[in-house]
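Fold and contact review
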Number of protein chains: 2
Amino acid sequence: MRRIKLTVAYDGTNYFGWQKQPNAITVEEVLNRELTKLLNEPIEVIGASRTDSGVHAMGNVAVFDTETRIPPEKISYALNARLPKDIVIQDSCEVPGAFHPRHTDCSKTYEYRILNTRFPLPTMRLYAHYVYRPLDVSKMQEAANYLVGEHDFASFCSAGSQVKETVRTIYRLDLKREGELVSFQVEGNGFLYNMVRIIAGTLIEVGIGSYPPERVKEMLEAKDRVKCGPKAPACGLTLVAIRYPELEASPYQK
Amino acid sequence: MRRIKLTVAYDGTNYFGWQKQPNAITVEEVLNRELTKLLNEPIEVIGASRTDSGVHAMGNVAVFDTETRIPPEKISYALNARLPKDIVIQDSCEVPGAFHPRHTDCSKTYEYRILNTRFPLPTMRLYAHYVYRPLDVSKMQEAANYLVGEHDFASFCSAGSQVKETVRTIYRLDLKREGELVSFQVEGNGFLYNMVRIIAGTLIEVGIGSYPPERVKEMLEAKDRVKCGPKAPACGLTLVAIRYPELEASPYQK
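Model, not experiment: these values are computed from the prediction.

With that settled, the discussion passes to the overall build of chain A. When you go through chain A residue by residue, the secondary structure sums to six helices and 10 strands. In summary, chain A has a C-alpha radius of gyration of 19 Å against a globular reference of 18 Å for 254 residues, a match within 12%. Each principal axis of the C-alpha atoms in chain A carries an extent, and together these give about 60 × 40 × 35 Å. Counting across all 254 residues of chain A, residues that qualify as buried make up 39%.

Residues and elements named next belong to chain B. Positive phi outside glycine occurs at Asn194, with the angle close to 65°. In this structure Asn194 comes out as buried when scored by C-beta crowding, with 22 C-beta atoms within 10 Å. Although it is not a glycine, Lys223 adopts a positive phi angle of roughly 50°. Here Lys223 is to be found in the loop between helix H5 (215-222) and strand S10 (237-243). You can call Lys223 partly exposed: it has 15 C-beta atoms within 10 Å.

This part covers the confidence of the model for chain A. Taken over all residues, the pLDDT of chain A has a mean of 95, while the share at 70 or more is 98%. Confidence estimates for the predicted assembly give a pTM of 0.93 and an ipTM of 0.90.

Next up on the list: the relation of the copies chain A and chain B. Each copy of the sequence occupies a distinct position, and chain A is placed on chain B by a rotation of 180° and an axial shift of 0.0 Å, giving an RMSD of 0.0 Å. With respect to symmetry, the two chain copies, as superposed, fit the operation of a two-fold axis. Taken together, the interface assignments show that 100% of the residues at the interface of chain A recur at the interface of chain B, consistent with an identical surface on both copies.

Procedures and definitions
Residues numbered from 1 in each chain as written. Chains lettered and ligands numbered in written order. Predicted model: local features only at pLDDT ≥ 70, side-chain atom pairs only at ≥ 80, totals over all residues. Helix = DSSP H or I, 4+ residues; strand = E, 2+ residues; numbered from the N terminus. Rg over C-alpha atoms; globule rule 2.2 N^0.38 Å. Buried ≥ 20, exposed ≤ 12 C-beta atoms within 10 Å, placed from the backbone. pLDDT = per-residue confidence, 0-100. Least-squares fit on C-alpha atoms with pLDDT ≥ 70 in both. Contact = placed C-beta atoms within 7 Å.

Written as structure tokens, this is what we have:
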């Protein structure tokens, strides 16, 4: 029996998120179905990040155990041949049997993209949130800087989360403008429910001038969701990568 | 009666190209239908570029004549409220009644995008052509330089074209690599049927080393489609902009 780690990219547009649920198609369900057929044994993957409906991924992580003799690094090719075109395995490799993608220290990097134009651009409509009011990116960066470091992000967590511990560390949060596309990447040791989308919504409010950058400091201190900005739409969000330092030091990894 | 010029952006994925045809949905047909309803008079637009099935646009141009009292610059807003989300009017303005978008000197700019990675990226699958073999962009640029200037592009024209004159001028053809995305913009005074996609297919062959950059010179001289590279897929192609110098000098334009 071997434990295999998959790096999974997907276009979230046509899925009800990652996690299996009745009466709705999810990424997890499609992976389980195709892996079970490919390997001819019942497979249930364990996902690292249960992304929401409509959120995209370039590097989500899933693991599963298998008796297959297919070399671990070939599973990506075999699986991609079966998967729909909106899910693509970027890498497959063996990991230690005890490796769990949600219970192992990691850093996650998300990207949020905003199209800042007079009119939306059709080819971007599913991959960037459209904001027509001009965004002041330097003010947004100023606000973002308050979020970097270890903080209690209770204000930046949607109701309905079962997580009790709301302290997280953001390593970096960098905004940039490339023409009409404003985006940020945020890397941290974990994110609360909807945290990146609430950060995005809050930074957009700063960018259009609804409130000054310093307000973000007060929001953090309030530890109250209602003090924060709105949750920005799912389409702008992409899970870019998940890194496991422990695994990178492991002899399993090349 | 006033002549209105629209700048039209669309995601070509779900359309059988621009031009009206029986039993298939096209961008032109949707514009005619929604303009006719909006203005309450029969509207038939004249398009500048009849893009193929699956080709995208940021700045195609269409004109139509109307009796409406809606101010020309407001038509974009009113029309966008009715159009599906994969077609968006970027601008509307009045032009001289004699202006014809296909019979007026212009420069057109196209972009072709290639995702050059080990595995495709799901969110790019509809907006970039995927090539897994590593591309040598400097060799592609060397090949592209043979195409810049006035040439007979007969070799770069698909069969089925009714155009007799095959001399065109390319003003610039610039390649770049940004991470895993290789793209080029090409601006010219006109393009033959499938010309940009054949240029893309040919440059990709140079980029993967199928033949040296100099071969492109021979291809031009051959004036024979079969000497050229393959036609690259529609999804990688976007009509970026059409510029009319005559119109830019006109008092109608701001």
